[in-house]
Amino acid sequence: IPTSVEWPKVKSELIKISDIHSVDMAFIKDNVFRRSKRLIVFDMDSTLIQVEVINELAKANGAGKKVQAITEEAMNGELDFTESLERRVLELKGLSTDKMQSILKELPLTPGVEEFVRTVKNLGYKIAVISGGFSFFADALKEKLDLDYAFANQLEVIDNKVTGKITGTIIDAEQKATLLKLIAQQEKISLEQVVAIGDGANDLPMLASAGLGIAFHAKRIVKEKATSHMSHGPMTSILHFLGIPV
């Protein structure tokens, strides 16, 4: 490969072509790890599922438009994630766990997720969800999809109502990357054997930590910075990136 090639410019042009022709692309290192991935790490909101849960919770609590605007700024990298999360969670004060349960039942999975998970689980992959969202939903998805790990923020609930606060460590962008590395260490898996899949700016450190980081139906800033992106096909299209026949 010519050393004079400016890969960022090449990638930028390829993203334009990808958008015009609705074709996905991946920059994958051609080495011993290319077909030996062993751990898949998902973001949850707008990746594993088709919605941003916090927006759905806010709608149910009468603060939908306000929270959605803050979420959009945060996912585009225009706001500090922790600050934006605390502001949004304040708007959930008083929300009942019954309403949370109703929202959980209606969560739409991303097309292809169940087949994708079933396929890689059968091949021995470990699967985790690491979310800046909430454990109430991440834990339920872990059980539903038979995932191996689930990490998310813990909403404080007293007398079956959200208090507007988060308990414990906030899972922000850096914490997502740290958790990915800890899971890989726990499973004795090289980072080169990890695939991370996400859509927002707070996923970028996690995507950069993995051997293959995929921006999935992602915000523009994420597509530009991640090594690979998928903006058009279902989740099962990622199987092609892993060299797995569909």
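Look up a bit, the structure's there.
Attention here is on the structure that accompanies the text. Computed from a prediction, not measured in an experiment: that's the story for all the values here.

**Structural notes on the pairing of strand β3 (residues 126–134)**
Consideration 1: Most of β3 is tucked away, with 8 of its 9 residues classed as buried.
Consideration 2: One ladder, built from 4 bridges, connects strand β2 (residues 39–42) with β3; its direction is parallel. Paired with Leu39 across the strands is Lys126, a residue of β3.
Consideration 3: Two elements, β3 and strand β4 (residues 149–158), share 4 bridges in a ladder whose sense is parallel. Bridging across to β4, Ala128 finds its partner in Tyr149.

**Some words on the packing of helix α3 (residues 53–60) against helix α6 (residues 97–105)**
Consideration 1: The N-to-C vectors of α3 and α6 enclose an angle of 130°; their axes lie 10 Å apart at closest approach. Here α3 is positioned oblique relative to α6, judged by the angle of their axes. Note on packing geometry: the crossing formed by α3 with α6 is right-handed. Across the interface between the two elements, Glu56, Leu57 and Ala60 of α3 pack against Lys99, Met100 and Ile103 of α6.

Reading the values: rules and limits
- Residues numbered from 1 in each chain as written.
- Predicted model: local features only at pLDDT ≥ 70, side-chain atom pairs only at ≥ 80, totals over all residues.
- Heavy atoms only, no water.
- Buried < 20%, exposed > 50% of the residue type's maximum accessible area, 1.4 Å probe, protein only.
- Helix = DSSP H or I, 4+ residues; strand = E, 2+ residues; numbered from the N terminus.
- Pairing = 2+ DSSP bridges.
- Axes fitted to C-alpha atoms, helices over the stretch in contact; angles between N-to-C directions.
- Parallel < 35°, antiparallel > 145°, perpendicular 65-115°, else oblique.
- Left-handed = near helix turned anticlockwise from the far one by under 90°.
- Contact = heavy atoms within 4.5 Å.

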